[in-house]
Amino acid sequence: MNWTWFHRLGSPPSFYRFAGRLAPWLGGLGLLLLAYGWYAGLVLAPPDYQQKDAFRIIYVHVPAAAVSLSLYVLMALAGAVALIWRMKLAEAVMVATAPVGASFTALALVTGMLWGKPMWGAYWVWDARLTAELVLLFLYCGVIGLNAAFDDARAGARACALLAIVGLVNVPIVHFSVEWWNSLHQGSTILKFGKPAISADMAWPLYAGLLATYCLCGHAILRRAQNELLLRERNTRWVRELATELGGGARVS
Amino acid sequence: MKALAAIFARELRLAARAKAEWLMPPLFFVIVVTVFSFGTRPNDPQLAAFAPAVLWVGALLAALLSLERLYRTDQEDGTLEQLLVSRTALSFAVFVKGLAHWLLSGLPIVLLAAPLGLMLGLAPPHLGPLVLGLALGTPCLSFIGGFVAALTVGLPRGGALLPVLVLPLIVPVVIFGAGSVRAAQQGLDAGAPLYFLAAILTLTLTLLPWLAAAALRNAFE
């Protein structure tokens, strides 16, 4: 197997161009899927037999929650790559992922609270799933804060990588909390073996919403990673050339 | 081995010379717990129900108080560089420092917990899970906190960052530690949460010194 494409992608200038080409496609696909998912989910899908129209918040809540966990894993993996192979690109991806993941964790918590009030009668219960998700938010905030405290971007990214890897313990706890403990939060509806416990006209918009959220996250992370790379490599030739190419003065310092 | 014993002896000697430093965390623990009971009605029977949480959070805050100093003073006087260049494995040195930290700040808290528990109205049979839980949990605080202290060692704004990073990592320890006392209060078996604590302790003792050593190396690159 030929790995040159992989090594080439690992260098900041070629990743910058690659991300610049990929990001608009991901963003566009994400918006289209989101438009379908939300229209089909919020308008076309029938109301739930028990929760009536209130179940429709699932089309925001479930994708946000799924993404919050996936992005943490991505962040920790990028951190591990940054620690083991000292890859600058992995550091940039890790730093770029943290704010996106934190936002979706906060979104999952807020939509969960809004859903909890009509269904459970309380915005917040001290339940394993909710608590673990809140800890996830704190972990994201910790990574962001730690990174911001370092003056040297590379040392900061590696310190964050260590913290992210330790925090990885929390991810299976969030995912399996509804099975390990007696939880008010319901179990998984779609991500399980066998037939999904949801009818097709409710499920397809949800799948579309999930895919859309992943695409939009990919878009946001690629764009953030591009900015991070520009910031870190501001004294290199390729950034200067890029700046002159785009018509800006060569006043990058 | 000799070098590790020397590091351990050094930690204790330094503590013996600066008595105020290691006397402060236990004193702080006592004050936090008593101030909490000033905040409630006098002789409120509800206090016993909250006692596990109060004692555990007090222990946590007291541990935080001394954690920042764990590597900072060594970094300022150059000891840390010596550890980094010495032939002793850094992870073992980190382990020994964590052990000394627990002995100076964790153990007094474990010993103080029983009388404070009685003051908060805990029934004497429930003191067993409390003390046992703290004995298993406070080393976790020392080692998890030591890892975070290693991450933030060279940072000018590390002081405020440390608690923010430590507290989320400590949550499971508090849940199972206070949970064992609550289980005993409800007449349930306090064993299961204590086993969980022992499992967490085993993981922190084996994995975190290694990661803390990596963090220290990173800070000096």
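Residues numbered from 1 in each chain as written. Chains lettered and ligands numbered in written order. Predicted model: local features only at pLDDT ≥ 70, side-chain atom pairs only at ≥ 80, totals over all residues.

Draft legend 1. Just the overall build of chain A, in detail. Per the secondary structure count, chain A includes nine helices and zero strands. Taken over the C-alpha atoms alone, chain A extends approximately 60 × 40 × 35 Å along its principal axes. Taking all contacts inside chain A whose residues are at least 6 apart in sequence as the whole, residues at least 24 apart take part in 73%. (Helix = DSSP H or I, 4+ residues; strand = E, 2+ residues; numbered from the N terminus. Contact = placed C-beta atoms within 7 Å.)

Draft legend 2. Geometry of the overall build of chain B. A count of helical and extended segments in chain B gives nine helices and zero strands. In sequence order, chain B lays out its α and β elements as α-α-α-α-α-α-α-α-α. Each principal axis of the C-alpha distribution contributes one length, and for chain B these read about 55 × 35 × 30 Å. Put simply, chain B has 221 residues, and 47% of those count as buried. Contacts in chain B between residues at least 24 apart in sequence constitute 81% of all its contacts with a sequence separation of at least 6. (Buried ≥ 20, exposed ≤ 12 C-beta atoms within 10 Å, placed from the backbone.)

Draft legend 3. Quick peek at unusual backbone geometry. The residue Arg-86 of chain A is not glycine, and still its phi comes out positive at about 55 degrees. Within the fold, Arg-86 of chain A resides in the loop between helix 3 (58–85) and helix 4 (88–120).

Draft legend 4. Molecular detail of the environment of Leu-12 of chain B. Take Leu-12 of chain B: it is sitting in helix 1 (residues 2–17). In the structure, Leu-12 of chain B is positioned 170 residues away from Arg-182 of chain B in sequence and 35 Å away in space, judged by C-alpha atoms.

Draft legend 5. Just the interface of chain A and chain B, in detail. Counting residues at the interface gives 14 residues for chain A, matched by 17 residues for chain B. Within the residue set of the side of chain A that touches chain B, elements represented by two or more residues are helix 5 (128–149) and helix 6 (153–167) of chain A. Ranked by residues supplied to the side of chain A that touches chain B, first place goes to helix 5 of chain A with seven residues. Among the residues forming the side of chain A that touches chain B, the class breakdown is eleven nonpolar, two polar and one charged. (Nonpolar A, V, L, I, M, F, W, Y, C, P; charged D, E, K, R; others polar.)

Draft legend 6. Just the packing of helix 3 (residues 46–67) of chain B against helix 6 (residues 90–119) of chain B, in detail. Residue and element names in this part refer to chain B. Contact pair helix 3 / helix 6: the axes reach a minimum separation of 10 Å and the direction vectors enclose 155 degrees. Taken as axis vectors, helix 3 and helix 6 run roughly antiparallel relative to one another. The crossing of helix 3 and helix 6 is right-handed. For the pair helix 3 and helix 6, the contacting residues are Ala-51, Leu-55, Ala-59, Ala-62, Ala-63 and Ser-66 in the first and His-101, Ser-105, Gly-106, Ile-109, Ala-113, Leu-116 and Gly-117 in the second. Broken down by class, the residue content of the contact of helix 3 with helix 6 amounts to eight nonpolar, five polar and no charged. (Axes fitted to C-alpha atoms, helices over the stretch in contact; angles between N-to-C directions. Parallel < 35°, antiparallel > 145°, perpendicular 65-115°, else oblique. Left-handed = near helix turned anticlockwise from the far one by under 90°.)

Draft legend 7. Layout of the nonpolar core. Ranked by size, the top nonpolar core spans 139 residues in total, and within it Met-94 and Leu-163 of chain A together with Ile-144, Phe-147 and Ala-215 of chain B carry the most contacts. Here this core gets 17 residues from one element, more than from any other, and that element is helix 3 of chain A. Not counting residues within four places of it along the chain, the set of residues in contact with Ile-144 of chain B comprises Val-166, Leu-169, Ile-170, Thr-204 and Leu-208 of chain B. (Core = buried A, V, L, I, M, F, W, Y, C linked by C-beta atoms within 7 Å.)

Draft legend 8. Expanded view of the packing of helix 2 (residues 19–38) of chain B against helix 6 of chain B. Residue and element names in this part refer to chain B. Taken N-terminus to C-terminus, the directions of helix 2 and helix 6 make an angle of 30 degrees; their axes are 9 Å apart at the nearest point. Taken together, the axes of helix 2 and helix 6 lie roughly parallel to each other. The handedness of the crossing between helix 2 and helix 6 comes out as right-handed. For the pair helix 2 and helix 6, contact is made by Trp-22, Pro-25, Pro-26, Phe-29, Val-30 and Val-33 and by Leu-104, Ser-105, Pro-108, Ile-109, Leu-112 and Leu-116, respectively.

Draft legend 9. Local environment of helix 2 (residues 12–44) of chain A. All names here are of chain A. Taking 1.5 Å per residue as the helical rise, helix 2 with its 33 residues ought to reach 48 Å, and the 45 Å between its terminal C-alpha atoms agrees with that figure. By the largest-angle criterion, Leu-22 marks the main kink of helix 2, which is about 30 degrees, and a proline, Pro-24, follows within four residues. Within helix 2, burial applies to Pro-12, Phe-15, Tyr-16, Ala-19, Leu-26, Gly-30, Leu-33, Gly-37 and Gly-41. Of the surrounding secondary structure, the elements contacted by the buried residues of helix 2 are helix 1 (4–10), helix 3, helix 4 and helix 8 (200–232). (Expected span 1.5 Å × (residues − 1). Bend = angle between axes of the 7 residues up to and from the residue.)

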